[in-house]
Amino acid sequence: MGLAITQVDAFTDTPFAGNPAAVCVLTEPQDEAWMQNVAREMNLSETAFLHPQQDGYSLRWFTPSVEVDLCGHATLASAHVLWSEGHLPAEQEARFYTRSGLLTAQLQGKWIQLNFPARPPESISPPTKLVQALGGIPIRYAGSDKSDYLIEVDSEKTVRSLQPDFPLLRSLPVRGVIVTSRANGSDYDFVSRFFAPGAGIDEDPVTGSAHCCLGPYWRDRLGKDKFWAYQASARGGSLKVRCAGDRVFLAGQAITVLRGELLA
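Before going into details, it helps to say that this report is about the structure given with it. Per-chain numbering applies: the sequence of each chain, read as written, is numbered from 1 onward. It should be noted that, the model being predicted, local features are given only for residues of pLDDT at least 70 and side-chain atom pairs only at 80 or more, the latter also being counted only at that level, while totals for whole chains, interfaces and linings use all residues. Hydrogen atoms and water are omitted, and side-chain values are computed over all heavy atoms in the structure.

1. A look at the side chain of D189
Secondary structure counts use DSSP, requiring at least four H or I residues in a row for a helix and at least two E residues in a row for a strand, with both numbered from the N terminus. Mapping D189 onto the fold places it in the loop between β12 (176-182) and β13 (190-196). The rule is simple: take the accessible area with a 1.4 Å probe, protein chains only, and divide by the maximum for that residue type; under 20% is buried, over 50% is exposed, in between is partly exposed. You can call D189 buried: its relative accessible area is 17%.

2. Brief notes about the nonpolar core
What we call a nonpolar core is a set of buried Ala, Val, Leu, Ile, Met, Phe, Trp, Tyr and Cys residues that are connected through their side-chain atoms within 4.5 Å. Counting 51 residues, the largest nonpolar core has L50, W61, L82, A94, F96 and A105 as the members making the most contacts within it. When residues in this core are grouped by element, the largest group, 7 residues, is from helix α2 (residues 72-84). Within the second largest apolar cluster, 21 residues are counted, among which are A142, V159, V191 and A232.

3. Thoughts on the environment of Q253
Of note, Q253 is situated in the loop between β17 (247-252) and β18 (254-262). Sequence separation between Q253 and G72 is 181 residues; the distance between their C-alpha atoms is 12 Å.

4. Details of the packing of aromatic side chains
Two rings belonging to Phe, Tyr or Trp (six-membered ring only in the last case) form a pair when the distance between their centres is within 6.5 Å. Interplanar angles under 30 degrees mark stacking, angles over 60 mark edge-to-face geometry, and anything in between is tilted. Going through the model one piece at a time under the given rule, you end up with 10 aromatic pairs. Plain terms: the ring middles of Y188 and W228 are 5.4 Å apart, the flat faces sit at 15° to each other, and that makes the pair stacked. Placement of the pair is Y188 in the loop between β12 and β13 and W228 in strand β15 (residues 226-231), with a sequence separation of 40 residues. Look at W228 and you get partly exposed, because its relative accessible area is 25%. Through a chain of ring-to-ring contacts, the aromatic side chains of Y141, F190, Y217, W218 and F227 assemble into a single cluster. A cation over an aromatic ring shows up here: R242 above the ring of F249, its NZ or CZ 4.3 Å from the ring centre. Consider the ring centre and the ring normal. A charge sits over the ring if Lys NZ or Arg CZ is within 6 Å of that centre and within 35 degrees of that normal.

5. Regarding helix α6 (residues 211-222)
Among the residues of α6, those classed as buried are H211, C212, C213, L214, G215, P216, Y217 and W218. In the stretch just after α6, G223 is the one whose phi turns positive, near 70°.

6. Observations regarding unusual backbone geometry
The general pattern is negative phi for most residues beyond glycine and trans for most peptide bonds. Positioned with a positive phi, F16 is a non-glycine residue whose angle comes to about 70°. If you trace the backbone, F16 turns up in the loop between β1 (3-10) and β2 (19-25). Unlike most non-glycine residues, Q54 shows phi in positive territory, near 50°. With respect to the helices, strands and loops of the structure, Q54 is situated in the loop between β3 (46-53) and β4 (56-62). When its relative accessible area of 68% is taken as the criterion, Q54 is described as exposed.

7. Considerations on the pattern of salt bridges
The term salt bridge refers to a side-chain nitrogen of Lys or Arg lying within 4 Å of a carboxyl oxygen of Asp or Glu. All told, the structure shown has 17 salt bridges when counted by the stated rule. The salt bridge involving E156 is made with R160; its shortest N-O contact spans 2.8 Å. One end of the pair is E156 and the other is R160, both in helix α4 (residues 156-161) and 4 residues apart, which spans about a single turn. Overall, the relative accessible area of 44% leaves R160 in the partly exposed class. Salt-bridge contacts for R170 lead to D202; the nearest nitrogen and oxygen are separated by 3.5 Å. Here R170, found in helix α5 (residues 166-170), pairs with D202, found in strand β14 (residues 201-204); they are 32 residues apart in sequence, far enough to count as distant. Here the salt bridges share partners, and the residues they tie into one network are E32, R60, E67, D69 and R99.

8. Some details on the pairing of strand β16 (residues 237-244)
Where β15 meets β16, 6 bridges bridge the pair, whose relative direction is antiparallel. Following the sheet pairing, F227 is matched in β16 by V241. Strand direction decides the pairing type here: β16 and β17, joined by 5 bridges, are antiparallel. Counterpart to K240 in the pairing with β17 is A251. Here β16 folds back onto β17, and the loop between the two strands holds 2 residues, one of which, G245, carries a positive phi near 65°. Any two strands with at least two DSSP bridges between them are considered paired.

Written as structure tokens, this is what we have:
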């Protein structure tokens, strides 16, 4: 018998939308090199590995090329797998021990709510390479949360039409670049896209961790703490975002699209 692995589309209720993640529930820790090889084989933006620890699960996330410190969609996918495959009863909170501390998830009807650390940005002067990589688009705000650059632009149209220079973005000293604007004429409060070629992902379809920065930013810009957000990648995905002190609550849906066995 091989090891079960599940592929989940996160931050969507529709197959083949949102952000796909592979989830592997282990009985014990595995070698880091093996986990990186599995993530490379799966070739998704993230592969999550869990094993029981204390009153919850150890959780690690790998892109096809690196391990990351924080990932929202693969945490959402992991919680979905724990409940949908019978590892946890639906009424029990999922607890994850990670590089970013203890993260929790709760099942609320068809939605999963994640409790994540807030990562408010600090204003910066946009680096010349960043401006060049984004094609000289008009920048209303530039900031950094130490992991990513955050750029606000003039319109949703600019966000959606952006075609970055990925090799130039790859040379920047950050995990990725978040580009955002207010939403135009829809129920959404703001839209965004996320580019992380340095982590092996030119464009991530829906990025929970980026909203740990976006939530505090738009709280200060719009003067409220609850948002309906859309990440405008080709696949697209929706999130409910709520800011509360030094935490950001992210809610999304998830759907299983594939189950298989790892034989290696």
